[in-house]
Structure formats: structure tokens, C-alpha cells
Amino acid sequence: RNGVRICLMQEILNSAVYNNNGTCQELLEFAYGSHPDCYVDNGFCTDIFLSLTNLDCLIDDVLDFSDILTILGIQQIYETTKRCAQQTVDSFLSSVGNWIQSATGRINELLTNLRDLLEGCETGLDLLFVLDSSGSIGSGNFVTMKNFVADVITHFVIRDNSTRVGLIRFTDTASILIPLGSINNAQQLTTAVNSVVYTGGGTSTDLALDLVPTAFINARVNEGIPRVVILLTDGRSNEPTLTAQAAPRVH
């Protein structure tokens, strides 16, 4: 990771575009053009490309996920993978296929569990959404997450004596943006969810989980009302060990 960054910085500083006061767009295009060589020279084909975990690290810590979806970003990926041996590319594509199948299975399981939950909880829930707003999510995917939350809300009766909803957003820090039960009108709640701003930053999932008990401070446990947390993230936490330690404390 550091080798890639140093390589990219050296390429830019030594370039005619930089030294001749090129425009921001010219610098951007030069930076994208430099990426493939810097990635390959720092083990992309031999290390990063062979591991989805390492690729997640690259996306989380080096790249902005939204940049990958641009024309320049797609061209960069194409030029980089062309430099790798065909066997390496085939191995990676096989890993991606397995990962997609696994992710699809997890998503279907989540939807099934949510459907069962919605059909079986006529008394309502104390429902807490925890949204990852880190840089790897990207603003477009963050909107998709908010749309998902808004869609789930439509399946409940939002009232103080029925289902109450809260929301946490996390990046390098975690914050309660909608306190549990603070909005007891579905339309106003949807408006509040849609107004949550995407921030970018790190992925401190552990801090978000540590904030869950506080968010549930006024939960109706004594009334037998279930507490449900739905955490939406794109994967790897900045602090995996702390996240693993925080998860059991949510229960």
C-alpha cells in the first residue's frame, strides 16, 4: 500500500504535467495513467490480485470506490490486469465469482429473515439502522442504502406504541443521527433518513457497535418488544479485532 502511494507521488512530482503547472484534469489523467505500472511494480499481480482480502484493502485504503466506476477508473483496471499473467487473471476471476455467489447467498438470507421478521411482529419493534458512510462506500451506494432503509420503513406502522426507528452513521467516528423513537411519523422519518449526509472517511465499525447500547437506552425491553439492529457496510473494518470484540456486547 505505501509502496503504491510513494510510486504514484514520485510519478506525479517527476512529471512534465506537474512541473509545467498543468490543469487539475491533466494531473488527474496522468495519475490514472501512472496507476497500472505502480500497482504492478508493487506486487499487484503477485499479491493483491490473488487475494480478495488484499483487494478490499486496496479499495478501502488507497482508492475511492466511486472513482473505480468512472471511465478513467475502468480503463485503469483494464490496463493493470493486462500486465498480469493470464493464469493470475483466471484465478482472480474465479475468486470473484465465488465471492459474488457467497454475497448473493448472504443477501438472500438477509431478505428472507427480514420478511419473516416483518410478518411475525405485529406488536412492533425497536429498530436501529447502522449505516457505513466510509470512503469505499461512495455517495451513490450511500443513497442506495438510504433507499433500502426507507423501503423497510414502509412495512411497519411507525408509532410510539408500535415500531420505533433509530439511525447511526459511522466513518472514523460514530453518531446517533436519529434517536430511537424520536420521529413517530413514517413520512417525516423517511425525510430524515433521506437527509442523512454521506461523509466519506474510515470504517470504524467497532465504534458503531459500541454505540448501539446507548442508542437502545430507551428500548422497550421490559415490554417484550424485540430490539433489531440492521448494519449496512461494504465489509472490512479498520479495526477487525476491536470489531469482533464489540459485536458480542450488542446482544
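Every value quoted in this text rests on a predicted model; they were computed, and no experiment measured them.

Along the protein, the regular secondary structure elements total 11 helices and four strands. Relative to its full complement of 251 residues, the protein shows a buried share of 39%. In the protein, the share of contacts with a sequence separation of at least 24, taken over all contacts with a separation of at least 6, comes to 77%.

Turning next to the sheet that holds strand E3 (residues 174-178). Spatially, E3-E2-E1-E4 is the arrangement adopted by the four strands of the open sheet, whose pairing is mixed. The outermost strands of the open sheet, each flanked by one partner alone, are E3 and strand E4 (227-232). Here the strands of the sheet are splayed against their neighbours by 20 degrees on average, with no regard to which way each runs. Two elements, strand E1 (residues 126-132) and strand E2 (residues 164-170), share seven bridges in a ladder whose sense is parallel. The partner of Phe129 across the bridge, within E2, is Leu167. On top of the sheet, helix H10 (residues 205-215) reaches E1, E2, E3 and E4; it is set at about 45 degrees to E3, its chief contact.

Ranked by size, the top nonpolar core spans 23 residues in total, and within it Leu127, Phe129, Leu131, Val149, Leu167, Ile178 and Leu189 carry the most contacts. Those elements that provide at least two residues to this core are E1, helix H8 (139-153), E2, helix H9 (186-194) and E4. By residue number, the principal contributor to this core is H8, which donates five residues.

Considering the arrangement of structural elements, one finds Lys146 in helix H8. Of the side chains with opposite charge, Asp132 lies nearest to the buried Lys146, which makes no salt bridge, at 14 Å. Those residues in contact with Lys146, other than ones at most four positions away along the chain, are Leu131, Val193, Asn194 and Val196.

With that settled, consider the environment of Pro179. Topologically, Pro179 is positioned in the loop between E3 and H9. Assessed through its relative accessible area of 42%, Pro179 is described here as partly exposed. Sequence-distant contacts of Pro179, that is, excluding residues within four places in its chain, are made with Val165 and Gly166.

Here we take up H9. When we look at burial in H9, the residues that qualify are Leu189, Ala192 and Val193. In an axial view of H9, the angular spread of the buried residues amounts to 100 degrees, which keeps them on one side of the axis. Exposed side chains of H9 directed beyond 90 degrees from the buried face belong to Gln187, Gln188 and Thr191. Here H9 starts with a cap whose side-chain oxygen sits 3.0 Å from the backbone nitrogen of Gln187, and that cap is Asn185.

As a further point, take the pattern of salt bridges. This structure, assessed with the given rule, holds three salt bridges. Across the pair Arg220 and Asp126 runs a salt bridge whose closest N-O atoms are separated by 2.9 Å. Here Arg220 is found in the loop between H10 and E4, whereas its partner Asp126 is found in strand E1, with 94 residues between them in sequence. When sorted by exposure, Arg220 lands in the same class as Asp126, which is buried. Asp210 is paired through a salt bridge with Arg249; the nearest N and O atoms lie 2.8 Å apart. Note that Asp210 is positioned in helix H10 and Arg249 in helix H11 (residues 240-250), a separation of 39 residues in sequence. Classification of Asp210 by relative accessible area gives partly exposed; the value is 34%.

One way to put it is that H8 packs onto H9 with a least axis distance of 9 Å and a crossing angle of 170 degrees. One element, H8, and the other, H9, form an angle in the roughly antiparallel class. Between H8 and H9, the contacting residues are Lys146, Asn147, Val149, Ala150 and Ile153 on the first element and Leu189, Thr190, Val193 and Asn194 on the second.

If you add up the space inside the second largest pocket, you get close to 310 Å³. Forming the boundary of the second largest pocket are 15 residues, of which Leu209, Val229, Ala247, Val250 and His251 lie nearest the centre. Among the elements of the structure, H10, E4 and H11 are those that each provide at least two residues to the lining of the second largest pocket. The biggest single contributor to the lining of the second largest pocket is E4, with four residues. Residues that form the lining of the second largest pocket fall into these classes: eight nonpolar, six polar and one charged.

Cut-offs used in this document
- Residues numbered from 1 in each chain as written.
- Predicted model: local features only at pLDDT ≥ 70, side-chain atom pairs only at ≥ 80, totals over all residues.
- Heavy atoms only, no water.
- Helix = DSSP H or I, 4+ residues; strand = E, 2+ residues; numbered from the N terminus.
- Buried < 20%, exposed > 50% of the residue type's maximum accessible area, 1.4 Å probe, protein only.
- Contact = heavy atoms within 4.5 Å.
- Pairing = 2+ DSSP bridges.
- Axes fitted to C-alpha atoms, helices over the stretch in contact; angles between N-to-C directions.
- Core = buried A, V, L, I, M, F, W, Y, C linked by side-chain atoms within 4.5 Å.
- Lys, Arg positive; Asp, Glu negative; His and termini not counted.
- Salt bridge = Lys/Arg side-chain N within 4 Å of Asp/Glu carboxyl O.
- Arc of directions from axis to C-beta.
- Polar contact = N/O pair within 3.5 Å; in protein donor to acceptor, adjacent residues only side chain to side chain.
- Parallel < 35°, antiparallel > 145°, perpendicular 65-115°, else oblique.
- 1 Å grid on protein atoms, 1.4 Å probe; cavity = no way out; pocket = protein on both sides within 12 Å on 5 of 7 lines; lining within 4 Å.
- Points joined across faces, edges and corners; volume = space filled by probe spheres on them.
- Nonpolar A, V, L, I, M, F, W, Y, C, P; charged D, E, K, R; others polar.

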